[in-house]
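Examination of the molecular architecture
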Amino acid sequence: MGLLKVGKPLHWNDSLEHCHYIRRHGVLQFIATYRRLQHLENDRLFYGDEIEYALLKVDPASKRVRLSLRGPEVMETLRKQEQDMNAFRGCAWHQEYGSWMLEGTPSLPYGGYTMSLVSVEQNMRLRRGRLLTILAEDEIAPTLVTFPMMGVGDFVHPAAPPGGEASQSEFVPDTCINPHPRFGTLTGNIRRRRGSKVDIRVPLFKDVNTKEFESDTDPSIQMDCMAFGMGCCCLQVTFQASDMEESRLLYDQLAVLAPIMMALTAATPVVKGRLAASDVRWNIISQSVDDRTPAERGEGDFKAEPLMAGEGRRRQSKSRYDSISCYIHPGSKAYNDIPCEVDEEMDSVLYQEGIDEMLTRHISHLFTRDPLVVFEGHVELDDDKSTDHFESIQSTNWQTVRWKPPPIPSTACSPHIGWRTEFRSMEVQLTDFENAAFTAFIVIVTRAILVFNLTLLAPLSLVDDNMKRAHGVDAVRRSKFWFRKHILPDDTDEMMQNICPSQGPKGESKSSQFEEMTMDEIMNGKSCYFPGLVPLCYAYLEHIGCDENSFKRLDQYLKLIKDRATGELMTPATWMRNFVHAHKDYKMDSVVSETIAYDLVHACSDIGLGRRPCPELLGDVIIEPILKDGHYETPLFGEKLGSEDRRGLLQKIM
Ligand code: ADP
Ligand code: MG
Ligand code: MG
Ligand code: MG
Ligand code: MG
Ligand code: MG
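This structure is a prediction, so every number in the text was calculated from the model and none was measured.

1. Here we look at the packing of aromatic side chains
Summed over the entire model, instances satisfying the criterion amount to 17 aromatic pairs. Members of the aromatic cluster, connected to one another through ring pairs, are Phe 30, Tyr 34, Phe 367, Phe 390, Trp 403 and Trp 419. Taking the ring centre of Phe 183 as reference, the NZ or CZ of Arg 182 above it sits at 5.6 Å. Directly above the aromatic system of Phe 205 lies the positively charged group of Arg 577, at a separation of 5.5 Å from the ring centroid.

2. Describing the nonpolar core
Phe 441, Phe 483, Met 523 and Trp 575 are the most contacted members of the largest nonpolar core, which has 191 residues in total. If we skip the residues at most four places from it in the chain, Phe 483 touches Val 256, Leu 257, Ile 260, Leu 456, Gln 513, Phe 514, Glu 515, Met 517, Ile 522, Phe 530 and Leu 533.

3. Considerations on unusual backbone geometry
The linkage connecting His 157 with the following residue, Pro 158, adopts the cis geometry, with an omega of 0 degrees. Within the secondary structure, Pro 158 sits in the loop between strand 8 (156-157) and helix 4 (181-194). In this model, Asn 42 sits at a positive phi of 60 degrees, which is unusual for a non-glycine residue. Topologically, Asn 42 is positioned in the loop between helix 1 (12-37) and strand 1 (46-54). Look at Asn 42 and you get exposed, because its relative accessible area is 64%. Located in the positive-phi region is Ser 590, a residue other than glycine, with phi close to 65 degrees.

4. Let's talk about the side chain of Glu 427
Position of Glu 427 among the secondary structure elements: in the loop between strand 17 (420-423) and helix 12 (432-452). Of the polar contacts made by the side chain of Glu 427, one reaches the backbone nitrogen of Arg 281; its length is 2.7 Å.

5. Re the pattern of salt bridges
A side chain of one charge can pair with a side chain of the opposite charge if their charged atoms are brought near each other. Using the criterion set out here, one finds 46 salt bridges in the structure. Across the pair Lys 57 and Asp 138 runs a salt bridge, and its minimum N-O distance is 2.7 Å. Of this pair, Lys 57 sits in strand 2 (residues 56-59) while Asp 138 sits in the loop between helix 3 (114-134) and strand 7 (139-140), and the two are 81 residues apart along the sequence. With a shortest N-O distance of 3.6 Å, Lys 211 and Glu 212 are connected by a salt bridge. Judged by its relative accessible area of 53%, Lys 211 is exposed. Owing to a relative accessible area of 12%, Glu 212 belongs among the buried residues under this scheme. Through salt bridges that share partners, Arg 23, Arg 193, Asp 291, Glu 296, Arg 314, Arg 320, Asp 343, Glu 344 and Asp 370 make up one connected network.

6. Topic: the site of ligand 1
In the neighbourhood of ligand 1, 16 residues make up the surrounding shell, with Asp 49, Glu 50, Gln 240, Lys 404 and Glu 422 lying closest. Between an oxygen atom of ligand 1 and a side-chain N or O atom of Glu 103, the distance comes to 3.1 Å. Between a nitrogen atom of ligand 1 and a side-chain N or O atom of Gln 240, the distance comes to 2.8 Å. When the free accessible area of ligand 1 is taken as 580 Å², the share hidden by the protein chains comes to 80%.

7. Digging into the environment of Glu 96
Along the polypeptide, Glu 96 turns up in the loop between strand 4 (91-94) and strand 5 (101-106). What makes Glu 96 buried here is its relative accessible area of 3%. In sequence terms Glu 96 and Glu 170 are 74 residues apart; their C-alpha atoms lie 22 Å from each other.

8. Some thoughts on the coordination of the magnesium ion (ligand 6)
Protein ligation of the magnesium ion (ligand 6) involves Ser 325 (OG), His 365 (NE2) and Gln 399 (NE2), the donor distances falling in the range 2.5 to 2.6 Å. Given the relative accessible area of 2%, Ser 325 is considered buried.

9. Observations concerning the sheet that holds strand 2
In sheet architecture, strand pairing relies on hydrogen bonds along the backbone and comes in two forms, parallel and antiparallel. Taking strand neighbours across the sheet as the criterion, the 4 strands line up as 7-2-3-8 in an open arrangement whose pairing is mixed. At either margin of the open sheet sits one strand with a lone partner, and together these are strand 7 and strand 8. Two elements, strand 2 and strand 7, share 2 bridges in a ladder whose sense is antiparallel. Looking across to strand 7, one finds that Leu 56 is bridged to Ile 140.

Parameters and conventions
Residues numbered from 1 in each chain as written. Chains lettered and ligands numbered in written order. Predicted model: local features only at pLDDT ≥ 70, side-chain atom pairs only at ≥ 80, totals over all residues. Heavy atoms only, no water. Phe/Tyr/Trp six-rings, centres within 6.5 Å; stacked < 30°, edge-to-face > 60°. Lys NZ or Arg CZ within 6 Å of the ring centre and 35° of its normal. Core = buried A, V, L, I, M, F, W, Y, C linked by side-chain atoms within 4.5 Å. Buried < 20%, exposed > 50% of the residue type's maximum accessible area, 1.4 Å probe, protein only. Contact = heavy atoms within 4.5 Å. Helix = DSSP H or I, 4+ residues; strand = E, 2+ residues; numbered from the N terminus. Polar contact = N/O pair within 3.5 Å; in protein donor to acceptor, adjacent residues only side chain to side chain. Salt bridge = Lys/Arg side-chain N within 4 Å of Asp/Glu carboxyl O. Near = heavy atom within 4 Å. Areas by Shrake-Rupley, 256 points an atom, 1.4 Å probe, with all protein chains shown as cover. Donors = N, O, S within 2.8 Å, 3.2 Å for Na, K, Ca; no water. Pairing = 2+ DSSP bridges.

So this is what it looks like as structure tokens:
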């Protein structure tokens, strides 16, 4: 999550009077940044991943697993440990929404060498190892998107009754919310702005004995608070572009890949103790933070509130957690074919200040949303020295990709940070091998796009259609996805046409430039006019003359992607679904019981730690066990020895 200000966050009713000011000045802060940094150029590739972890408490005697609400405490300990190690290439630990959650990143972004792609996995393993050191004997921290028993009975430790001022949930206690005041306020204010509790529905999986399908009961899994969504763990990757233009280009290209990569990483088959008829988290989170009023949702009336954005009545076609509504690169304009609501006032401010049409649209779309957390006494700021209001809106527009302008350096020696693009749709995987493979793949794909001058662009209506398709059970094998047929630049494409003339010239009608492809075709290629993303990655590695050492591991990563796309390897969602179906306690009623959940989280934890092989997910790749002390490297310094110890040590080598 973004910045965490100190100070008292205001109740929705008290923040209302500041909403317009914050939105307007957020836009002015953006304009100031743009003016100052639009001409930055020749920045180097840097990139970094974010992985979210869930702390679980297990009780072997009763075969029960619950959330362990020690996130903030564990984070403090890890941060302290990190400081003491004084490691150059360590980890950084961040707050997350859930008080059982934790986010880990590398302490410094990775640099632009092939070896860095391999060190991603080492850093992820270091994080898992350090986390392991801190956990109590009865705790585990698997990388699972959802906790299977979330919202079922008494599922937290320490035990607490459901509900509380922030969420008013029927199922989840407010103690699940990170105690930093920002998070409770965020929860409460979303509910207050909306005018009711959030209403999350996920289709229930129909098995032979699923009782909901026997009667007229609503066959959906129902949830009522933000923790169900923001408690989902994911894998994100941020890239630094060489300049602003490149960051905008990559934003658009990656937006197309967002649904595809979400389907390929699917890992969310179990929700609130039930098997779902969907495989990914996205819609759960989207509904869990949907602060739109009934009028904005198009579902009813709302009395105009002049202090709210759009008076609370502007139709908003999407939740603030959703896929993007507009591309931002100047060359992508023709593909903006879905509703993209803008704030008229912010739109004209941006336009008058000389911001180009595409960016004006993007920013004035983000700024159709109200700030959700306003800090008392932190409203009037210097728009040239702070971007807090911009970040307040930006960081609560949770879209499939995020365009990140450079921050204002906090000190004179803060590292330089350029224009960045963040890829946000992937589901966290059980092992660091997979998490690293998907991170490396996305990095290589962006390099291939830039170097080969590819374009994956498709109309956003098709990208959104893909988002829907990506939710389906085993979408990788059962679904097709809209994809662009000709992704190579014209001259190269003509060459391909000659080899494969049946495909006709590129001038064909707009709709026939896109077709429904299988995941296998998208990743591995299709006849001779569509090369496939994985072969393009290999071509890129060949082009740069990738060193053999790095290539060995990268080859395994690309093979994972290839095999998952063909269906030879399972997604984690399919693997977990099979695990539930095969469990002796499963009654074919779509219920994931306490004991099934207990065994499932253990299996997932063990796979992540390299203690349980899993060829269905990994093929013949073996995960080296994660070491408890996390000692993968040793700092080159040591305590000075007293004379006795020194003599003892040196005697050994004499
Ligand atoms: P957020 O939560 O807002 O997305 P984080 O601070 O958690 O952002 O970090 C996102 C990732 O960006 C981390 O992996 C971090 O290492 C990486 N990162 C930091 N600086 C840069 C940079 N200059 N270029 C690219 N990535 C960076
Ligand atoms: Mg996070
Ligand atoms: Mg983060
Ligand atoms: Mg974040
Ligand atoms: Mg992030
Ligand atoms: Mg949008």
